[in-house]
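Chain residues, written in single-letter form:
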Amino acid sequence: MNVRALRSSCEKVWSAVWVVAMKPQVVFVLGGPGAGKGTQCAKIVQHYSYTHLSAGDLLREERNRKDSEDGSLIDSYIKEGKIVPVEITINLLRKAMEETMKKDENKFRFLIDGFPRNQDNLQGWTRVMDGKADVKFVLFFDCSNDVCIDRCLERGKSSGRTDDNRESLEKRIQTYLQSTRPIIEQYEKQGKVHTINASQDVNEVFADVKKVLDKEG
Ligand code: UP5
Ligand code: MG
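Residues numbered from 1 in each chain as written. Chains lettered and ligands numbered in written order. Predicted model: local features only at pLDDT ≥ 70, side-chain atom pairs only at ≥ 80, totals over all residues. Heavy atoms only, no water.

### With respect to the environment of Ser158
With respect to the secondary-structure elements, Ser158 resides in the loop between α7 (145-156) and α8 (166-189). Spatially, the C-alpha atoms of Ser158 and Pro24 are 35 Å apart, while their sequence positions differ by 134 residues. (Helix = DSSP H or I, 4+ residues; strand = E, 2+ residues; numbered from the N terminus.)

Given below as structure tokens:
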């Protein structure tokens with residue numbers, strides 16, 4: 001092999017390595033409403049090099065955007081505790097990931113909080129992101145329904161969230177049990193789930209999260 005051919009193959013290898021290295025590495029963060037997903041993600045980003053993307057926050061932002069075509073649909077789905085069609089959510093997630101990586105190419109590790117919540121979400125993810133991002137594992141914040149409801153009702157006194165009321169919460173819990181738990185079980189069968197007891201206090205939960213992240217990277 002002459003020098004030019006050797007250099008060309010080295011460049012090809014290096015560019016493949018670069019693409020692999022830059023491929024988004026994703027941790028899905030799942031659990032019931034009020035299980036503490038957002039609280040724990042905020043703590044994780046202080047200690048580990050992850051970017052936190054909450055699908056719920058992205059949807060609320062889109063709902064509030066003046067020119068949004070999907071605003072009223074998102075609004076009614078959230079109040080009803082129903083899961084927004086994946087075409088909307090996946091576009092918001094993809095854009096947020098791309099923008100993060102465009103600003104800083106070293107930011108390719110993401111905590112995706114509150115997604116995927118049902119089969120439609122999972123299929124949408126696979127359709128759009130398969131081969132483009134690696135799902136490393138799932139962090140599952142396991143918390144009783146009663147604790148989840150109490151936390152959200154307490155937060156509802158000041159959050160301004162349209163779904164932090166008893167009526168919406170009962171629907172959110174039903175949606176979680178019927179649609180999201182089967183997704184978690186699916187990942188469990190693949191050995192990809194780390195379950196955290198989320199009924200403990202915030203720092204105890206985080207101590208358990210750290211054990212997982214220190215092991216998984
Ligand atoms: N708190 C947290 N941890 C605590 C602890 N260990 N001990 C005591 N208190 C604790 O926490 C909730 C409250 O509990 C806070 O007041 C906190 O201080 C306290 P938080 O960290 O906010 O919990 P989290 O699990 O993030 O709860 P959240 O309400 O955000 O969960 P949901 O999954 O219900 O909400 P999300 O924003 O993800 O989605 C809202 C809606 O958007 C969905 O219902 C759905 O309609 C729609 N949606 C989609 O359609 N598709 C998506 O992909 C995502 C959302
Ligand atoms: Mg949240």
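### Examining the site of ligand 1
Close contacts around ligand 1 come from 30 residues, with Thr39, Lys82, Val84, Arg155 and Arg172 the closest. Lys37 is positioned such that a nitrogen or oxygen atom in its side chain is 2.8 Å from an oxygen atom of ligand 1. Contacts to ligand 1 include Val84, whose backbone N or O atom sits 2.7 Å from an oxygen atom. Out of a free accessible area of 1000 Å², ligand 1 has 85% covered by protein chains. Mapped by element, the contributors of at least two residues to the shell around ligand 1 are α2 (37-47), α3 (55-64), α4 (71-79) and α7. For the shell around ligand 1, the element with the most residues is α3, which contributes four residues. (Near = heavy atom within 4 Å. Polar contact = N/O pair within 3.5 Å; in protein donor to acceptor, adjacent residues only side chain to side chain. Areas by Shrake-Rupley, 256 points an atom, 1.4 Å probe, with all protein chains shown as cover.)

### A few points about the side chain of Arg109
With respect to the helices, strands and loops of the structure, Arg109 is situated in strand β3 (residues 109-113). Among the polar contacts listed, one links the side chain of Arg109 to the backbone oxygen of Ser49, at a separation of 3.2 Å. Discounting residues that sit within four places of it in the chain, Arg109 has contacts with Gln25, Ser49, Tyr50, Thr51, Lys136 and Gly217. (Contact = heavy atoms within 4.5 Å.)

### A closer look at the pattern of salt bridges
Considering all chains together, one arrives at 15 salt bridges under this definition. A salt bridge links Asp75 to Lys79; the nearest nitrogen and oxygen atoms lie 3.2 Å apart. Here the residue Asp75 and the residue Lys79 both occupy positions in helix α4, the gap between them amounting to four residues, near one helical turn. A residue is classified by how much of its surface remains accessible, and Lys79, at 36% relative accessible area, is partly exposed. Connected through salt bridges with shared partners, the residues Arg155, Arg161, Asp163, Asp164 and Arg172 form a single ionic network. (Salt bridge = Lys/Arg side-chain N within 4 Å of Asp/Glu carboxyl O. Buried < 20%, exposed > 50% of the residue type's maximum accessible area, 1.4 Å probe, protein only.)

### Here's the deal with α7
If you check α7, its first and last C-alpha atoms are 16 Å apart, about what twelve residues at 1.5 Å a residue would give, namely 16 Å. Within α7, burial applies to Cys148, Ile149 and Cys152. Down the axis of α7, the smallest arc covering the buried residues is 95°, so these residues share one side. (Expected span 1.5 Å × (residues − 1). Arc of directions from axis to C-beta.)

### A word on the packing of aromatic side chains
Two descriptors summarise a pair of aromatic rings, namely the distance from one centre to the other and the angle between the planes of the rings. Counting across every chain of the model gives four aromatic pairs. Between Phe28 and Trp125 the ring centres are 5.0 Å apart and the planes differ by 75°, which places this aromatic pair in the edge-to-face class. Remark: Trp125 occurs in helix α6 (residues 119-129) and Phe28 occurs in strand β1 (residues 25-31); sequence separation between them is 97 residues. Connected via pairs of aromatic rings, a cluster forms that spans Phe28, Phe115, Trp125 and Tyr187. (Phe/Tyr/Trp six-rings, centres within 6.5 Å; stacked < 30°, edge-to-face > 60°.)

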